[in-house]
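So you can see what is in the structure, the chains are spelled out below.
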Amino acid sequence: MVTFETGCIKMKINFEKKNFDEVSAEALFVPCMKKRIPSWAAEMLKEAGVEKDFDGSKGKRYLLPVPGKTYKRLMLIGLGKEEKVKLEGFRLAGGKAYGIAKGNGLEKCALWVNERMELSKGSAIQAFVEGFVLKGLKLDVYKTQEKEEDEDKKEVKTLVVVSEEDFSRQVREGTILAESQNYVRRLDLEPSNVMTPQRMADEALMLAKKYGMDCRVYSMGELEKKGMGGILSVGKGSAKPPVLVRMTYNGEKKLPHIALVGKAITFDSGGISLKPGKGMASMKYDKSGALVLMGVMRALAELKVPVKATLVFGAAENMPDGNATNPGDVVKTFNGKTIEILNTDAEGRVCLADSVAYAATKKPELIVDVATLTGAANIVLGRHGICMMGTEGSALKSFEKCGQETYERVWPLPIWEEYSEMIKSDIADVKNIGSEHGEAGTITAGMFIKEFTEGLPWIHLDIASVDLIEHPNAYLPKGPAGRGVRLITSFVREWAQKK
Ligand code: BES
Ligand code: MN
Ligand code: ZN
């Protein structure tokens, strides 16, 4: 038996190399495709006289008590027609399974996946584990009283994956990836009175210490010395001083080097260009980009991926105040370029200008920036995808592929010259908004970042439309999604391998 301890959730995920008939559990979960129920399970349904009640249709499930077996119940989860089932179907089934286990107070659950199917069985198992672990994260952490109906319910303690073939690697990787995503969700949940810029830095220091990574935090005074007028201008209106964080994984080694740059606005009120009150509370999630990348660093370290990675983020709170930046102000950034701030609510790019230019000085072979950058990303793709831009064809392709596999999908937007023209300022090098009417708002924001990449290969991910779950699915409830961790980790692995 191989056990994988989890960190954010209190669950053990085990792999046991044996026949499913030998596993002891309170329930054995078996995902089934339509009309593809394993013969032994079909037999059991028939014996109980309920074979008509379950055929594997999507969304259907059936709980059958099975006396005399080492597992007490058989839980069949319908996936739908084989031709239509994707890995995401297994992720959703994993989330559903956790919900059922929790609802019925099942402490120990088991999973068995049918050996006859088109999809790779290892990947299917991994996806199921991901869904199970993601659904296992508690988000009501500030509730002081337990719901009455939950008081006597037992917690789900163990998931055992059983197979006669060794899938311990996939079980381990699924657990690590989902727990890295949970780590992000857990921190993203924290409000701005807890997760201040300094606290972001402290969390980074703790993460780095845990995995033996190098980490350096630059104070406001040091930002002034470095000439990081962008980050400073965004943080000026806040009582909480801004900081810059740099974390390195495998810093000493000669390996392909990638820079990961995140947006870390701990609260985005809009500043003097104040946002409307409605929905403003969700601007505590404006730090998601940097957190997602902290989750990626965690996953890279856990998986011991042979790559050198530098994470950079400037953390600040965007507030209106007598000392805040005004529309029309001009600031000078780390690489010497000047920005005319026409709207203080377009603050993410102003922060990223310094962080990206700083990351470029480390001479990485690729820069990937991740940000909740524009509300317009949601107009472009809705809640179903990440808006991507970039200069590197093969990396763009690889991101698309990883997006399909992890179901954290990306879609490319153009980087035509004309969009760069839209952010030219009359009095400075660039201005921080394109048109007053928001035309191509997501693209012009990306093009603004491009100005600070010093011509290095670059990929930009605008996660503004996916960082928060408003319509829950079976494995992600309402709240912070942590989406991007699985996508970017699998991209980095693939990229490092090809280099
Ligand atoms: N953090 C916001 C973007 C955002 C909006 C993320 C909604 C998630 C949900 C960003 O700083 C912002 O305010 N962008 C402005 C840009 C505009 C002023 C050019 C926007 O999208 O309205
Ligand atoms: Mn803003
Ligand atoms: Zn913002």
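Reading the values: rules and limits
- Residues numbered from 1 in each chain as written.
- Chains lettered and ligands numbered in written order.
- Predicted model: local features only at pLDDT ≥ 70, side-chain atom pairs only at ≥ 80, totals over all residues.
- Heavy atoms only, no water.
- Salt bridge = Lys/Arg side-chain N within 4 Å of Asp/Glu carboxyl O.
- Helix = DSSP H or I, 4+ residues; strand = E, 2+ residues; numbered from the N terminus.
- Buried < 20%, exposed > 50% of the residue type's maximum accessible area, 1.4 Å probe, protein only.
- Donors = N, O, S within 2.8 Å, 3.2 Å for Na, K, Ca; no water.
- Tetrahedral: all angles 85-135°; square planar, octahedral: opposite > 155°, others 65-115°.
- Core = buried A, V, L, I, M, F, W, Y, C linked by side-chain atoms within 4.5 Å.
- Contact = heavy atoms within 4.5 Å.
- Pairing = 2+ DSSP bridges.
- Axes fitted to C-alpha atoms, helices over the stretch in contact; angles between N-to-C directions.
- Polar contact = N/O pair within 3.5 Å; in protein donor to acceptor, adjacent residues only side chain to side chain.
- Domains from an automatic or database assignment.
- Buried area = accessible area lost by both parts, 1.4 Å probe.
- Near = heavy atom within 4 Å.
- Areas by Shrake-Rupley, 256 points an atom, 1.4 Å probe, with all protein chains shown as cover.
- Nonpolar A, V, L, I, M, F, W, Y, C, P; charged D, E, K, R; others polar.

Here the structure, examined in full by the defined rule, presents 27 salt bridges. Between E317 and K240 there is a salt bridge, and its shortest N-O distance comes to 3.0 Å. Taken as a pair, E317 in strand β11 (residues 308-318) and K240 in the loop between α7 (229-235) and β9 (243-249) lie far apart in primary sequence, 77 residues in all. Given the relative accessible area of 27%, K240 is considered partly exposed. Sharing partners across several salt bridges, the network here consists of E88, R91, E130, E408 and R486.

Let us now look at the coordination of the zinc ion (ligand 3). Listed as protein donors to the zinc ion (ligand 3) are K263 (NZ), D268 (OD), D286 (OD) and E347 (OE); their distances from the metal cover 2.0 to 2.4 Å. Of note is the zinc ion (ligand 3), whose six donor atoms meet at the metal with angles of 79 to 172 degrees in an arrangement that counts as octahedral. One chain supplies every donor for the zinc ion (ligand 3), spaced along it as K-x4-D-x17-D-x60-E. Here the manganese ion (ligand 2) and the zinc ion (ligand 3) are spaced 3.1 Å from one another, each receiving a donor from D268. With D268 in strand β10 (residues 257-268) and D286 in the loop between β10 and α8 (288-302), this pair connects stretches of sequence that are 18 residues apart. A single burial state applies to D268 and to D286, both of which are buried.

Glancing now at the coordination of the manganese ion (ligand 2). Protein ligation of the manganese ion (ligand 2) involves D268 (OD), D345 (O), D345 (OD) and E347 (OE), the donor distances falling in the range 2.1 to 2.2 Å. Note that the manganese ion (ligand 2) binds six donor atoms; their angles at the metal cover 72 to 167 degrees, and the shape is irregular. Read N to C, the donor residues that coordinate the manganese ion (ligand 2) are spaced as D-x76-D-x1-E. Residue classification places D345 among the partly exposed positions, given a relative accessible area of 23%. Accessibility expressed as a relative area gives 2% for E347, which makes it buried.

The subject of this paragraph is the nonpolar core. Ranked by size, the top nonpolar core spans 60 residues in total, and within it I258, F313, V368, F399, L461, I488 and F491 carry the most contacts. Per element, the largest residue contribution to this core is ten residues, and it comes from α8. Those residues in contact with L461, other than ones at most four positions away along the chain, are V368, D369, V370, A371, I386, C387, M388, F399, V410, L487 and I488. Listed in part, the 45 residues of the second largest apolar core include V129, F132, L159 and Y475.

This next bit is on the sheet that holds strand β15 (residues 386-390). Pairing within the open sheet is mixed, and its eight strands lie in the order β8-β9-β11-β10-β14-β18-β15-β16. The sheet is open, and its two edges are formed by β8 (214-218) and β16 (410-412), each paired on a single side. Strand-to-strand, the axes of this sheet are offset by a mean angle of 20 degrees, without reference to chain direction. Looking at chain direction, β15 and β16 are connected through three bridges and run parallel. Looking at the pairing, I386 lines up with V410 of β16.

Of all the six residues making up strand β14 (residues 366-371), six are buried; the element is thus mostly covered by neighbouring parts of the structure. The side-chain alternation of β14 yields two buried faces, one formed by L366, V368 and V370 and the other by I367, D369 and A371. Bridge count between β10 and β14: five bridges; the pairing is parallel. Within β14, the residue paired with L260 across the bridge is V368.

Mapped onto the elements, E494 comes out in helix α14 (residues 485-498). Residue E494 is classed as buried on the basis of its relative accessible area, which comes to 16%. Polar side-chain contacts of E494 include one of 2.6 Å to the side chain of K401.

If you check the domain split of the protein, you get domain 1 (2-142 + 150-166) and domain 2 (180-498). Look at where the C-alpha atoms of domain 1 and domain 2 centre, and you get two points 37 Å apart. Each partner contributes residues to the interface: domain 1 has 18 residues there, and domain 2 has 18 residues. Of the roughly 1700 Å² buried where domain 1 meets domain 2, counting both sides, 64% is carbon and sulfur surface. Taken together, the connections running from domain 1 to domain 2 amount to one salt bridge.

Turning next to the sheet that holds strand β2 (residues 12-17). Within the open sheet, the seven strands sit side by side as β1-β2-β7-β6-β3-β5-β4. Their pairing is mixed. Two strands bound the open sheet, and with one partner strand each, they are β1 (2-5) and β4 (61-65). Within the sheet, the average angular offset between the axes of one strand and its neighbour, ignoring direction, is 20 degrees. Against the sheet, helix α1 (residues 39-47) touches β3 (27-33), β4 and β5 (73-80), its axis set at about 115 degrees to β5.

With that settled, the discussion passes to the site of ligand 1. Close to ligand 1 lie 15 residues; K275, D286, D345, E347 and G375 are nearest. Within the side chain of K263, an N or O atom sits 3.1 Å from an oxygen atom of ligand 1. Note that an oxygen atom of ligand 1 is positioned 2.8 Å from one of the side-chain N or O atoms of D345. Isolated, ligand 1 exposes 520 Å² of accessible area, and the fraction of that covered by the protein chains is 72%. Counted by class, the shell around ligand 1 contains four nonpolar, four polar and seven charged residues.

This part covers the environment of I341. Relative to the elements of secondary structure, I341 occurs in the loop between β13 (338-340) and α9 (348-360). Look past the residues within four positions of I341 in its chain and what remains in contact with it is S233, T325, N326, P327, G328, D329, V331, V350 and N432.

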